[in-house]
Amino acid sequence: MIRIDPARCIRCGLCARACAAGCLHVTENGVTVRHEERCMQCGHCTAVCPQAAVSLNGLDPDAQTPVGALPGLTELESLIRSRRSIRLFKDDPVPEDLLLRALDTVRYAPTGKNLENVSWLVIEGRDALRRVSDAVIDLFRADSRTAPLVASHERGGDPIFRGAPCAAFACAKGEYDLDIVNCSIAVTTLDLMLPVLGLGGCWAGYAMRAAAMSEKVVEAMNVEKGLRPLAGLMIGLPAVQYRREPSRRELRIRTVKGETA
């Protein structure tokens, strides 16, 4: 999987230092590959090499996309601070090209052990979303705490997806103990990217909770066999524009330092 071009390698050792699995070893004669079976396919070795001397799985490092300019600190802070849950959507459908662009970018969100095991389920259209809402409401009927949701749904309202024309769920097999973390990171990344594309999102908490409790809800969502919807967003074009940042509690932090700090 890992190949070193001796004609390019300058034995700087950066690839070995960046490899979390310890697959590379630097000697006076060059870099050697060891413990290749431990490789997580993270690509750190190819990305850090200043000479493009390391290739992974036959991919030409010269053909890989170089890192572009990063957003400024002020712009990034503004994006994070201004993020809001959108619960008022226009009736317009979500432009497919924008959603695909967002999901394609979210592929780069981190996953534990670099498993890259997150798949996406996109549910579009009022009828498909209503079918899921029906299953969620049926599950909640026996719970007195969700009686207002049931009543709103039966009056024709949409308390589950808030009238959003689309919902996207990050799915995984659920076999790895960090699958729900991987899916949550993916959805968080998507949530932050949506406003840049003129879209808005809100975590689909009721649907997520119901899917974790009921196979009937999972069936109504038409999830691919073997996968579980572990995190998700309702998505659409915002019907309103928020002009001020939300207020938040003061930072709560506790720092524990050792003697050498």
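That block above? That's the structure.
This one's a predicted model, so the numbers in the text were calculated from it and none came from an experiment. Numbering of residues begins from 1 in every chain and follows the order in which that chain's sequence is written. Whole-chain, interface and lining totals are the exception, using all residues; otherwise, since this is a predicted model, local features are given only for residues with pLDDT of at least 70 and side-chain atom pairs are given and counted only at 80 or more. Excluding hydrogens and water, the side-chain values take into account all heavy atoms of the structure.

Draft legend 1. A look at the packing of helix α5 (residues 126–140) against helix α6 (residues 147–154). Only the stretch in contact is used when a helix axis is fitted, and all axes are lines through C-alpha atoms; the angle between N-to-C directions ranges over 0 to 180 degrees. Numbering of helices and strands runs from the N terminus; a helix is a DSSP stretch of H or I covering at least four residues, while a strand is a stretch of E covering at least two. Orientation of α5 relative to α6, taken along the N-to-C sense of each, is 140 degrees, at an axis distance of 10 Å. What the angle tells us is that α5 and α6 run oblique. Between α5 and α6 lies a crossing whose hand is left-handed. Facing Arg130, Ser133, Asp134, Ile137 and Phe140 of α5, the residues of α6 in contact are Leu149, Val150 and His153. Residues belonging to the contact of α5 with α6 are distributed by class as follows: four nonpolar, two polar and two charged. Note on terminology: angles under 35 degrees are roughly parallel, angles over 145 are roughly antiparallel, angles of 65 to 115 are roughly perpendicular, and the others are oblique. Handedness of each helix crossing follows the sense of rotation of the near helix against the far helix: counterclockwise by less than a right angle gives left-handed, clockwise gives right-handed. We call two residues in contact when some of their heavy atoms are within 4.5 Å. Throughout, the ten residues Ala, Val, Leu, Ile, Met, Phe, Trp, Tyr, Cys and Pro are labelled nonpolar, Asp, Glu, Lys and Arg are labelled charged, and all others, Gly among them, are labelled polar.

Draft legend 2. Focus on the packing of aromatic side chains. Here is the rule: rings of Phe, Tyr and Trp (six-membered ring for Trp) pair when centre to centre is within 6.5 Å. Planes less than 30 degrees apart are stacked, more than 60 are edge-to-face, and the remainder are tilted. Tallying each qualifying case throughout the model produces one aromatic pair. For the pair Phe140 and Tyr206, a centre-to-centre distance of 6.2 Å together with 75 degrees between the ring planes defines the contact as edge-to-face. Taken together, the residues span a long stretch of sequence, with Phe140 in helix α5 and Tyr206 in helix α8 (residues 205–213) at a distance of 66 residues. Only protein chains enter the accessibility calculation, which uses a 1.4 Å probe; a residue is then buried when its area is under 20% of its type maximum, exposed when over 50%, and partly exposed in between. Since its relative accessible area comes to 32%, Tyr206 is described here as partly exposed.

Draft legend 3. Structural view of the nonpolar core. Grouped together as the largest cluster of nonpolar side chains are 54 residues, with contacts concentrated most on Ile123, Phe161, Phe169, Leu190, Met221 and Ile235. Every residue in contact with Ile123, bar those within four places of it in the chain, is listed here: Ala128, Leu129, Val132, Pro165, Cys166, Ala167, Phe169 and Met221. Residues belong to one nonpolar core when they are buried, are Ala, Val, Leu, Ile, Met, Phe, Trp, Tyr or Cys, and are joined through side-chain atoms within 4.5 Å. One finds Ile2, Cys15, Cys19 and Val54 within the second-largest nonpolar core, a separate group that totals 14 residues.

Draft legend 4. Structural detail: the packing of α5 against α8. In contact at an axis separation of 10 Å, α5 and α8 are set at 70 degrees when each is read in the N-to-C sense. The orientation of α5 with respect to α8, classified from their angle, is roughly perpendicular. For the crossing formed where α5 meets α8, the hand is left-handed. Contacts from Val136, Leu139 and Phe140 of α5 reach α8 at Tyr206, Ala207, Arg209, Ala210 and Met213. Residues of the contact of α5 with α8, tallied by class, amount to seven nonpolar, no polar and one charged.

Draft legend 5. Representation of the environment of Ala167 within the structure. Positionally, Ala167 belongs in strand β6 (residues 166–172). On the basis of relative accessibility, which here comes to 0%, the residue Ala167 falls in the buried class. Measuring from C-alpha to C-alpha, the distance between Ala167 and Trp203 comes to 9.4 Å, with 36 residues separating the pair along the chain. Not counting the four nearest positions on each side in its chain, Ala167 is found in contact with Leu121, Val122, Ile123, Leu129, Phe161, Leu233, Met234 and Ile235.

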